[in-house]
Amino acid sequence: MPRSAPAGSPPSAYQRALRRLAGRDQSEAELRRALAGRGHSEEEIEEALARLRAQKYVDDDGYAERFARSRLANHGQGRRRIRQGLRQRGLPPEKVEAGLKAALEDVSEDEVLDTVARRYWSQHTRVEPARRLPRLWGFLLRRGFPAAQVRRRLQALWPRWSDALEGLDPAEPEDLP
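Residues numbered from 1 in each chain as written. Predicted model: local features only at pLDDT ≥ 70, side-chain atom pairs only at ≥ 80, totals over all residues. Heavy atoms only, no water.

**Brief notes about the packing of aromatic side chains**
Link 1 in the chain: Scanning all chains against the criterion turns up three aromatic pairs.
Link 2 in the chain: For the ring pair Tyr 63 and Phe 67, a centre distance of 6.0 Å and an interplane angle of 40° mean the geometry is tilted. You can see Tyr 63 and its partner Phe 67 sitting in helix H4 (residues 60–75), four residues apart, about one turn around the helix.
Link 3 in the chain: When the centroid spacing of 4.3 Å and the interplanar angle of 20° are considered together, the rings of Trp 121 and Trp 158 count as stacked. Highlighted residues: Trp 121 in helix H7 (residues 109–123) and Trp 158 in the segment after helix H9 (147–157), separated in sequence by 37 residues. Taken individually, Trp 121 and Trp 158 each receive the classification buried, so the pair is uniform in this respect.
Link 4 in the chain: Across the ring face of Tyr 14, the terminal group of Arg 51 is positioned such that the distance to the ring centre comes to 3.6 Å.
Link 5 in the chain: The lysine or arginine in question, Arg 132, covers the ring of Trp 121, its NZ or CZ lying 4.1 Å from the ring centre. (Phe/Tyr/Trp six-rings, centres within 6.5 Å; stacked < 30°, edge-to-face > 60°. Helix = DSSP H or I, 4+ residues; strand = E, 2+ residues; numbered from the N terminus. Buried < 20%, exposed > 50% of the residue type's maximum accessible area, 1.4 Å probe, protein only. Lys NZ or Arg CZ within 6 Å of the ring centre and 35° of its normal.)

**A short note on the environment of His 40**
Link 1 in the chain: One can find His 40 in the loop between helix H2 (28–37) and helix H3 (42–54).
Link 2 in the chain: Here His 40 falls in the buried class, since its relative accessible area comes to 11%.
Link 3 in the chain: Distance in space between the C-alpha atoms of His 40 and Pro 11 is 10.0 Å, their sequence separation being 29 residues.
Link 4 in the chain: Among all residues touching His 40, those that are not within four sequence positions of it are Pro 11, Ser 12, Ala 13, Arg 16, Leu 35 and Ile 45.
Link 5 in the chain: Only 3.0 Å separates the side chain of His 40 from the side chain of Glu 44, close enough to count as a polar contact. (Contact = heavy atoms within 4.5 Å. Polar contact = N/O pair within 3.5 Å; in protein donor to acceptor, adjacent residues only side chain to side chain.)

**Side note on the nonpolar core**
Link 1 in the chain: Counting residues in hydrophobic clusters, the biggest one holds 28 residues, and the most contacted among them are Leu 86, Leu 136, Leu 140, Leu 154 and Trp 158.
Link 2 in the chain: It is H7 that contributes the most residues to this core, six residues altogether.
Link 3 in the chain: Not counting residues up to four positions away in its chain, the partners in contact with Leu 140 are Leu 113, Val 116, Ala 117, Phe 145, Val 150 and Leu 154.
Link 4 in the chain: The next biggest cluster of nonpolar side chains, apart from the first, holds 11 residues, and it includes Ala 17, Leu 21, Ile 45 and Leu 49. (Core = buried A, V, L, I, M, F, W, Y, C linked by side-chain atoms within 4.5 Å.)

**Notes on the pattern of salt bridges**
Link 1 in the chain: Scanning the entire structure with this criterion turns up 12 salt bridges.
Link 2 in the chain: One salt bridge connects Glu 30 with Arg 24, and the closest N-O pair in it is separated by 2.8 Å.
Link 3 in the chain: You can call Glu 30 buried: its relative accessible area is 10%.
Link 4 in the chain: Exposure remark for Arg 24: the relative accessible area of 40% places this residue in the partly exposed category.
Link 5 in the chain: The residue Arg 32 makes a salt bridge to Glu 46 at a minimum N-O spacing of 2.6 Å. (Salt bridge = Lys/Arg side-chain N within 4 Å of Asp/Glu carboxyl O.)

**Let's talk about the environment of Ala 102**
Link 1 in the chain: Relative to the helices and strands, Ala 102 is located in helix H6 (residues 93–106).
Link 2 in the chain: In this structure, the C-alpha to C-alpha distance between Ala 102 and Ala 64, residues 38 residues apart in sequence, is 9.2 Å.

Structure, rendered in structure tokens:
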């Protein structure tokens, strides 16, 4: 098979997938959607993905772990938000959970939460602490951290104003660790 398509002919599914992977890591489902959207046949897409898997360019297990670790360590996101991001990228639930579990073994979610909370706290000094703490609680929930963990860490970080957290309850049931 030639390395590149002849001049004037459209790129193959494999070539398009390689170009996408050169930009950023992607899941099989993302590549499949993108290639189908460009008009490639299902057979051509499967051949391209099989070739990419054989060459280790596509690996959903590794992708889930790298994505989760990056979102935790570099983007300050919690497990719920990471789980949602992986699902949106088309990964099956078992791969999502395995990747998240592996990332949580390497990166402490408590430390990430503390870092994000301290940054928020220092950037919102104009708001009085009794009002700032409930706002911070909501901010951390939107970042994907479980409510029980947020409450526990905020009470540990700012025990003087922990009574400001009274009456705040999560809108959704808690995740299991």
